[in-house]
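The primary structure of each chain is shown beneath.
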Amino acid sequence: PTSFAKIPSALDDIMSSQLAVQQAIAEATKQASEENAPNQIARIAEILAAKAGKPITPPLCSYIDTIGNTPMVALGKCLPAGNQAARVLLKLELVNPGGSLKDRIALSMIEKAEAAGLITPGVTTLVDFTSGNTGIGEAMVAAAKGYKCIIMMPQVPPMFERYIICRQFGAEVR
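Residues numbered from 1 in each chain as written. Predicted model: local features only at pLDDT ≥ 70, side-chain atom pairs only at ≥ 80, totals over all residues. Heavy atoms only, no water.

## Observations concerning the pattern of salt bridges
Evaluation of the coordinates by the stated rule reveals eight salt bridges. The salt bridge partner of Arg43 is Glu46, with a shortest N-O separation of 3.2 Å. With a gap of three residues between them, Arg43 and Glu46 both fall in helix α3 (residues 40-51), about one helical turn apart. Exposure remark for Arg43: the relative accessible area of 22% places this residue in the partly exposed category. Given the relative accessible area of 37%, Glu46 is considered partly exposed. (Salt bridge = Lys/Arg side-chain N within 4 Å of Asp/Glu carboxyl O. Helix = DSSP H or I, 4+ residues; strand = E, 2+ residues; numbered from the N terminus. Buried < 20%, exposed > 50% of the residue type's maximum accessible area, 1.4 Å probe, protein only.)

Okay, structure coming up:
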């Protein structure tokens, strides 16, 4: 009998929560409309996330900013039985925008040459001989920074996908 007495109170709580959600959505919709936001749904989501205390992280300004900011994952149970107590972390370099650790190398080489005054965007053409991932990273960074890029690769069928990726970043592939 005492559990039935709690039902009206629980229903009141649910209804109150639903009304609060509806009110928050209505306020966010009104605000987005008043702001004349170009993407109203995205703006409503941002407003609601901020009210919930979990603001949406704005996108980074360039994919170059994501190079090296890759997640670390604890291996734990993936380790052999005798080593599971050890804390082993794995850096997921495949999450780099070019899909490889070589993105870091390409960015570092180009930024060091820029800092030394050896290259200038829009003036310098970057040329490299590579068999793949470094060339993809170089083509990607060159495109983002405004360099012309020529990648020399062995002309063999297994490299075809890499040619295409470099070309998609605007590099000339020979």
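## Description of the sheet that holds strand β4 (residues 148-152)
The strand order β3-β4-β5 describes an open sheet built from three strands, whose pairing is parallel. The two strands at the open ends of the sheet, each matched to only one other strand, are β3 (125-129) and β5 (172-173). Bridging between β3 and β4 involves five bridges; their strand directions are parallel. Pairing of Asp128 across the sheet is with Ile151, part of β4. (Pairing = 2+ DSSP bridges.)

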